[in-house]
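So you can see what is in the structure, the chains are spelled out below.
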Amino acid sequence: SESSEVQAICTAYVMLRAPWNWTGQPEMARDPDCGQEGARTRVGAFVPSPCLVFSTRVAAKSPRARPRARTVTAVMESPKLQPGCELTRPSKALLQGGPLTEGQIDDFFRTGVVVVPGLLQGDLLERAIEAKERIEQNAAPVGEYEGIAFRVWEKEPVFRELAVDSPFSRAAAQLTPRPTVDDGVKPARQLVVLRDAYFKLRGSGVGCNFHVDDPFFWPCLQGEPGPGVNIWVALDPVTEDGGGLAVAPGSHTIEFLDCREAIRANTCMIHKLNPAASAKLEAIAQVPLMNPGDAIVHTRYLFHRAEPFKVGSAGAAGRGIARYSVRYMPSNALSANMRFENGQVITENIVALRDADEAVFPTALWSSREQ
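Residues numbered from 1 in each chain as written. Predicted model: local features only at pLDDT ≥ 70, side-chain atom pairs only at ≥ 80, totals over all residues. Heavy atoms only, no water.

A short note on the overall build of the chain
As a reminder of what qualifies: Helical segments are the DSSP runs of H or I of at least four residues, strand segments are the runs of E of at least two, and each set is numbered from the N terminus. Exposed residues in this analysis have more than 50% of their type's maximum accessible area, buried residues have under 20%, and partly exposed residues fall in between, with area computed by a 1.4 Å probe over protein chains only. When checking whether two residues touch, look at their non-hydrogen atoms; a contact exists if any pair is within 4.5 Å. The protein chains shown are the only cover counted for residues, whose accessible areas, like all others here, come from Shrake-Rupley with a 1.4 Å probe.
Scanning the chain from N- to C-terminus turns up ten helices and 16 strands. The burial tally for the chain puts 56% of its 371 residues in the buried class. Intrachain contacts of the chain at a sequence separation of at least 6 include 79% that bridge at least 24 residues. Surface accessibility of the chain: about 15600 Å² in total, with carbon and sulfur atoms responsible for 52%.

Structure follows, in structure tokens:
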């Protein structure tokens, strides 16, 4: 409905500027026996390797500095990788026969990101480009964006097809460990569309600076299985004039935990909150030039940002650049609903995605014939 869309836009604006507790993470400790090569879990057990599994209690908490917000907590015991070690290539075989090559899969697990030329092609691409004009009529300006829209799959049939049954979902399946019956997952519901979003950057808008998605844009508890795949597709040409997406390959790793810490107070303002952390990311930044249908595929904790248009360029004077993104998670992960009420951000309804409402979290097909 129109009111829920407005509420979502308002929530997004608050989330981009709100301080957050990153839940489900171990307390990092620096001491002579630990340093960067280890961590202490909440119970104080030393983990000598930077990427060993430990058991932790996962709890969903409300944002800091919002004491009146209700907190609904779900606790479970499960194996977790410490922050910076979430993305690991599983030992069991991944889905075969999708749109990604073995080299692209290797690049994803090595750097956390891969550019896939022509992931979206043909009739599906043409219909998505045609439908974007209608989406933009209802997209609301948020911060430095010309327009943002959510649950686009609900508004236009072509975007639902793109999100749940297309090269998007099959590429995500190639990068996601497949849950098993032992996880309590039904065979027909193994990969879930967690959230989608439509972005339009135009003129002098700068978008969001280097960040990893906060709990509104990625409504899943920290440290959950996956750790999740974000697929962005360009719906307009991205040239050297700007307007596209910048990524920082490798920034999902333990060496960049200080950058995660830097955005606790504000998701989009790392360049002002911690210039040194911002410079660290800018030093490795890449801005792919893209044709419509080209895609950027990255893991949940990879830092990314909008690329502003160059001042005075033809791109800055043009109609802007649209891009569409879909976030995928395996259905054995836990989700938490984030909403905005009376000036407060509310965390509630923690549920395993396998049991979540299909109308909110659609099932993504692993293959066109659902292997």
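Describing the state of the cysteines
Filter applied, for reference: The disulfide definition used here is simple: a pair of cysteine sulfur atoms within 2.5 Å.
A full pass over the atoms with the stated rule returns one disulfide. Bridging Cys208 to Cys268, the disulfide has an S-S length of 1.9 Å. Between Cys208 and Cys268 the disulfide shows an S-S torsion of about -100°. By sign, it is left-handed. Note that Cys208 is positioned in the loop between strand S8 (191–201) and strand S9 (229–234) and Cys268 in the loop between helix H7 (257–262) and helix H8 (270–273), a separation of 60 residues in sequence. On the basis of relative accessibility, which here comes to 4%, the residue Cys208 falls in the buried class. Among the residues examined, Cys268 registers a relative accessible area of 9% and is labelled buried.

Regarding the pairing of strand S11 (residues 295–299)
Note the following rule: Strand pairing follows a simple DSSP-based rule, namely that at least 2 bridges must link the two strands.
For S11, the buried fraction is high: five of the five residues fall into the buried class. By the alternation rule, side chains of S11 split into Ala295, Val297 and Thr299 and Ile296 and His298, which are all buried. Bridge analysis of strand S5 (residues 113–116) against S11 gives four bridges, and the strand direction is antiparallel. Pairing of Val114 across the sheet is with Val297, part of S11.

Some points on the side chain of Lys200
Tracing the sequence through the fold places Lys200 in strand S8. Judged by its relative accessible area of 7%, Lys200 is buried. Excluding its chain neighbours within four sequence positions, the residues that come into contact with Lys200 are Glu136, Tyr145, Glu146, Gly147, Arg319, Gly320, Ile321 and Ala322.

Observations regarding the nonpolar core
What counts is decided by this rule: We define a nonpolar core as any set of buried Ala, Val, Leu, Ile, Met, Phe, Trp, Tyr and Cys residues linked to one another through side-chain atoms lying within 4.5 Å.
Counting residues in hydrophobic clusters, the biggest one holds 44 residues, and the most contacted among them are Phe159, Phe168, Ile231, Leu235, Tyr324 and Tyr328. Apart from residues lying up to four places away in sequence, Phe168 is in contact with Leu119, Leu162, Ile231, Val233, Tyr324, Val326 and Tyr328. Among the nonpolar cores identified, the runner-up in size contains 23 residues, and Phe199, Cys208, Val238 and Met290 belong to it.

Thoughts on the environment of Glu358
Worth spelling out the cut-off: Within 3.5 Å is the distance limit for a polar contact, defined as a pair of N or O atoms, with the added protein rule that one can donate a hydrogen and the other accept it, and that residues adjacent in sequence qualify only through two side-chain atoms.
Relative to the elements of secondary structure, Glu358 occurs in the loop between strand S15 (344–352) and strand S16 (363–364). Every residue in contact with Glu358, bar those within four places of it in the chain, is listed here: Arg189 and Thr363. In terms of polar contacts, Glu358 uses its side chain to reach the side chain of Arg189, at 2.7 Å. In this structure the side chain of Glu358 is engaged in a polar contact, spanning 2.8 Å, whose partner is the side chain of Thr363.

So, the pattern of salt bridges
Going by this rule: A carboxyl oxygen of Asp or Glu within 4 Å of a side-chain nitrogen of Lys or Arg is what we treat as a salt bridge.
Using the criterion set out here, one finds 23 salt bridges in the structure. In this structure, the salt-bridge partner of Glu154 is Arg151, at a minimum N-O distance of 2.9 Å. On the accessibility criterion, Glu154 (47% relative accessible area) is partly exposed. Note on Arg151: relative accessible area 28%, which makes it partly exposed.

Considerations on unusual backbone geometry
Note the cis peptide between Gly226 and Pro227, where omega equals -5°. Examined against the element boundaries, Pro227 turns out to sit in the loop between S8 and S9. With a phi angle near 50°, Arg151 is a residue other than glycine that sits in the positive phi range. Relative to the elements of secondary structure, Arg151 occurs in the loop between strand S7 (145–150) and helix H4 (152–155).

Observations regarding empty space enclosed by the protein
Unfilled space is identified by rolling a water-sized probe across the atoms. Condition: Within this scheme a cavity is a closed region of a 1 Å grid, computed over the protein atoms alone, that accommodates a 1.4 Å probe without allowing it to escape, whereas a pocket is open but has protein on both sides within 12 Å along at least five of seven lines; lining residues each have an atom within 4 Å of a point. Grid points are joined across faces, edges and corners, and a volume is the space filled by probe spheres set on the points.
Applying the stated criterion across every chain, the model contains four cavities of 30 Å³ or more. If you add up the space inside the second largest cavity, you get close to 110 Å³. Surrounding the second largest cavity, 15 residues form its lining, Tyr145, Phe199, Cys208, His211 and Trp232 being those nearest its centre. Counting residues per element, the lining of the second largest cavity draws most heavily on strand S12 (residues 304–306), at three residues.

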